[in-house]
Amino acid sequence: MREDLNFQRLFAVREFTLDCILSNGYHFPDAFDTAIALSDGGTDLYDSLSAEHPDKTPADIKAAILGQFALGDNFLVDYKATDLPVLIDALGADIRALKIRYPWVYSNEVEAAYMSVHGRDHQRFLPHQESMEIIKLLPQGVFQVADLTVGPFGIVPVAEHRCLPNTLCGAEVVCVDPGCPEVNHVKFSTGATDAGVIYSSIGRDIPLSIAITRLFGDIMKPDEAYYRPNNDWGLPWLVASGLTTYERRALLASLLTQDSNGLRKQANLLLDRGASRKAPSDLAAGVSEAELLQLILIVSNAEIICHLERLVDVGEIVLGPSETRYPIRNRHTEGGYFNSQAELSRLGVRFRPRRNWTSLRLTNFLLALYDGPLREDLSWALRNEPGKSVQDQLEHFVASRTPEDALSSLVLASRAQTTHAFRLVGPGRFELPTSADNERVLVQRILWKLGMPLPPPPVVEARVLRHLPAFEQYGAVQTEQDAEEVRSSGVSLFVALEELLQETITYVCWLMFADHYPEKRDQRFTYRVSWARAFANPLLARAAVARGGIQYSSDGANALGTLVETFAMIAGMCAEPEALIPAADRPYASFPHLARHSPLHSFPFLHRSLVFDIEPGSLQEIISVLHGVAADLRSGQVARVRNGLSHPRSSLPQEPEIAMACASIRRVVSTLRHNGLFPNVYVCTRTVTDFVGRTEYVLQDGERRELLLSGSATAAPWLPDVAVPQLVPHGIRLLHSHQPLRLKFVDDTPFTELLDAHSPIAVEHAELDTSAPASGDG
C-alpha cells in the first residue's frame, strides 16, 4: 500500500486539506462527494455523521472523513475506488482561485505583511481574521507531499518524491534572549467551517493504530530517504531561500532550455500565456516567485542539482571562495534522521548532516566503490595496511592519510572507478580530469559532498610574497630591457603591497573600534570586507583630519606613503581611543541570558568598541606592532623605492635599495602574520576532545599553517561555531576571558544581500532586571 501511487497521492491531498487556511463558512466542492469513495467503515461513519449533522453538505462530510482517513486499524476511504483526478481538479481549482490559502514562507514578504498589520506586537498565535489580513497580502504558498506540489498552479504532479509539508508557521520573531540567534514563528489559523466542525468530532475515542501511524509517516518520510545521511529534502528550501531571484530565474531558464523531465511542455500548459512562443529566459522572467518555485519543483532533484552546479561553474551564480549557501529560512524543515541541511558552494550542492560524519561516510563510500567482485582489488590496494579484514585495513588507511590522499589513491585508480564514483557520490556535475588542477578540484568536490569543509582561500599576503623574489633578483640596471623588467616586477609587487596594506588597515581599524555584538544578531562576530570598509574608511578620514599630518581618503584609495603613516595613526588611536570613539558601555539588558544568569560564563564585550575590552598588556603589544610596521616600512624606504620606479633608467632604485625595501616588506608581513593582524581565513581541520570536555582545535589557513586553539567547545557560545570559516586575531587577549576572539568570515556576494535583507521581527519587551552585576560577576 505504501508503494501505491494512488494511495500516496490521496494521502497528499488529505494533507493539503488539513494544514491550509480556509475562509469562515467555506464549503468543499461538490466533487468531493462524487469523487471520494468510502470503505465500509467510512460509509457507516458517513451515515452516522449525516444523521448527526443534517444541515451539512455531503461534500463537507466527506472532506472531514478524508481528513481523518482512518480510525483505529481501519481505513475510512477506499483509495482504489476514489476518482483521484477529479478530486485533484476540484481542490486545485479552489487553490488557484485562492479560496484555499497556504502561507508564503520563503521571503521577507511574510514579515512585511505581519508588520503592516501588527507592527512589532508579537503574537505567537493569530486568530483567523487576523491571519487572513496577512495571508491576503502574500503569494500562494508552495509545498509538496509525496510527488504532488501545491501552489499557485493548484496541485501539480512532479518527478520527485519530497517531504515539504504545508505549514501554518508565518513570520519570524527573534528570541527574547538577546544572545540567542534562533527565531520563533507566528502561527496562522484557519476559519470556522462545517468540515472543520465535523472533523474535530471524529476519532476522539479511537486513536490510529501503530501500524497505520507508521504507514502515514512512511508516506511523508520514506525510510529509505529518512535514514540517508545525504537526505535531500532540504533542496526546495535552498532553492527558495538560498538563491537570489535572478539566480532562481536563471535556474528555471536553464531547466527549460534542456527540457528537463518534460518541464517545457508542463510550463506551457500551466502558464497558458503564449508560453510556447517564449524563449526560456523570457518565460522565466515573466513568472511570479511562487510560480517560479512550483515550476522548478516539477523537475527531479538530480536535474536541479546538476543545473545549479553548471550555473556556478560558468559564473551565472557567483560564490565567494569561502562561501557556503544555506537556506536562510527554515520552517521546521525535515532533514531526516541525520538532520541534514542543503548547502551550495563553489564545489557544488551537498546535503550535510549536522554532526560530522565525514570519516565514516568516506569509508563507506570507498567500500561501496569496491563492492562485489571489486573487493579483491581493494584488498590488493590495501595489502600493506594492518588489519584482520579489508574493512579494518580501509579504516586504518583512511585514518592515517589525509582525506585527499585516501580519495585520490582509490577513486582515481582507474577511469572505470572514477566514473563509478560519480554515480555513488550522488547527483552533481562531474567530469573526468584532464590535468592536475582538474584532478585536485574533482577530489575536493567529492570530499565536499561527503562533508568536508571548503579549503581555505589563499592568504592575503600570498600575492606580495609571490612577487617579492622577482623584484629582489635585480642587480645593476645596465640596459633599457633591465629597466623595463625592474619596473614591471616592481609595479606588480607594489600594487599587491598597497592592496595588502589597505586591506589590513581596514581590518585592524574595524577590529579594534567596531561593535562586534550589534543589535542585528546575524551580524555578530562576523567579518565582511564591505562592512569593514564602510566603518573604517570614514573613521580613519576623521582621525587623519583631527591628528593632521596625512590625508586619508575615505574611499580607501590611498598612496603607499599614506598607508605607511596610517599604521602609526591607528596605533595612536588605540592609545587614546576616547578621542574619536566614546567608551560606551553595553546595556546590561542586551547581554545573553546565559552570561547574565550562569556562573560558568562571563561576557567580555562590555563596551560598544572592542578596544576598551582588550587586556592592557595585549593592547600595548598591538600598539607596538603597529608603530613597528610604520617604522620598518619607513626605514626600508619602501615608498621611495615605489616612487622611483617611474624615473628614468639612470635614477631607478639600485640593488641595495631594492634589497633593503624587500627585507622591510618581509619583516612587516612576518610581524603582522605572527600577531594575527591579517584577515586570513582559517578552517578547522582536526578536533580532539577528552572525557572531561577539554577540546583542542587545529585550524589551517590557505598556506596550511596551523593554529591550535584550546578550551571547552561551549566556553564562548556567542562566538561563531568552530566549523565555519573564520578569522582568529590571536594576538588580541580579551580583558575578561581566556577565549581568543573569533570572527565568522563571510564573502561579499549576491547571497549576502539576502542575508542583509533578512530581518526577523525584533520584539520590544520589558526587562525584569536591567541592573548590572557587581564587578567580576556574570
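Rules and cut-offs
- Within each chain, residue numbers correspond to sequence positions counted from 1 in written order.
- This being a predicted model, a pLDDT of at least 70 is required before a residue's local features are given, and a value of 80 or more before pairs of side-chain atoms are given or counted; all residues contribute to the totals for chains, interfaces and linings.
- By convention in this description, side-chain values take in all heavy atoms of the structure and omit both hydrogens and water.
- Helix and strand assignments come from DSSP, with helices taken as H or I runs of at least 4 residues and strands as E runs of at least 2, each series counted from the N terminus.
- Each residue gets one of three labels from its accessible area relative to the maximum for its type: buried under 20%, exposed over 50%, partly exposed in between, using a 1.4 Å probe on protein chains only.
- Should any heavy atoms of two residues lie within 4.5 Å, those residues are counted as being in contact.
- All tallies of charge rest on Lys and Arg as positive and Asp and Glu as negative; His and the ends of each chain are not included.
- Taken as the charge location is NZ of Lys, CZ of Arg, CG of Asp or CD of Glu.
- For this document, the term salt bridge refers to a Lys or Arg side-chain nitrogen within 4 Å of an Asp or Glu carboxyl oxygen.
- Each pair of aromatic rings taken from Phe, Tyr and Trp, with Trp reduced to its six-membered ring, is defined by centres within 6.5 Å and is described as stacked if the planes are under 30 degrees apart, edge-to-face if over 60, and tilted in the remaining cases.
- The criterion for a charge sitting over a ring is simple: Lys NZ or Arg CZ within 6 Å of the ring centre, and within 35 degrees of the ring normal.

Chemist: Is there a simple way to explain the overall build of the protein in this structure?
Modeler: The helix and strand inventory of the protein stands at 31 helices and 16 strands. Looking at the protein as a whole, 53% of its 778 residues qualify as buried. Long-range pairs, those at least 24 residues apart, make up 72% of the contacts in the protein with a sequence separation of at least 6. Taking the average place of the 72 positive charges on the side chains of the protein and the average place of its 94 negative ones, the gap between the two points comes to 3 Å.

Chemist: Explain the pattern of salt bridges to me, please; I cannot follow it from the model alone.
Modeler: Two side chains bearing opposite charge may form a pair once their charged atoms approach each other closely. Evaluated as defined, the whole model comprises 36 salt bridges. Among the salt bridges present, the one from glutamate 323 reaches arginine 325, with a minimum N-O distance of 3.1 Å. Both residues of the pair, glutamate 323 and arginine 325, belong to the buried class. Through salt bridges with shared partners, one network takes in Glu309, Asp313, Arg429, Arg445 and Lys449.

Chemist: Would you take a moment to explain the side chain of glutamine 68 for this structure?
Modeler: Inspection of the secondary structure assignment puts glutamine 68 in helix α4 (residues 58–68). With a relative accessible area of 12%, glutamine 68 lands in the buried category. When sequence neighbours within four positions are dropped, the list of residues in contact with glutamine 68 reads Arg14, Leu76, Tyr199, Ile202 and Leu208.

Chemist: Would you mind going over the packing of aromatic side chains with me for this structure?
Modeler: Two measures describe an aromatic ring pair: the distance that separates the ring centres and the angle between the ring planes. Applying the stated rule across the entire model yields 31 aromatic pairs. Ring centres of tyrosine 507 and tyrosine 527 lie 5.2 Å apart, and the angle between their planes is 80°; this geometry places the pair in the edge-to-face category. Here tyrosine 527 lies in strand β11 (residues 526–527) and tyrosine 507 lies in helix α24 (residues 480–513), a separation of 20 residues in the sequence. Here tyrosine 527 falls in the buried class, since its relative accessible area comes to 1%. Site record: aromatic cluster; members linked through ring pairs are Tyr517, Phe525, Tyr588, Phe591, Phe603, Phe605 and Trp718. Lying over the aromatic face of tyrosine 46, lysine 62 brings its terminal NZ or CZ to 5.9 Å of the ring centre. Over the ring of tyrosine 517 we find arginine 524; its NZ or CZ atom is 3.9 Å from the centre of that ring.

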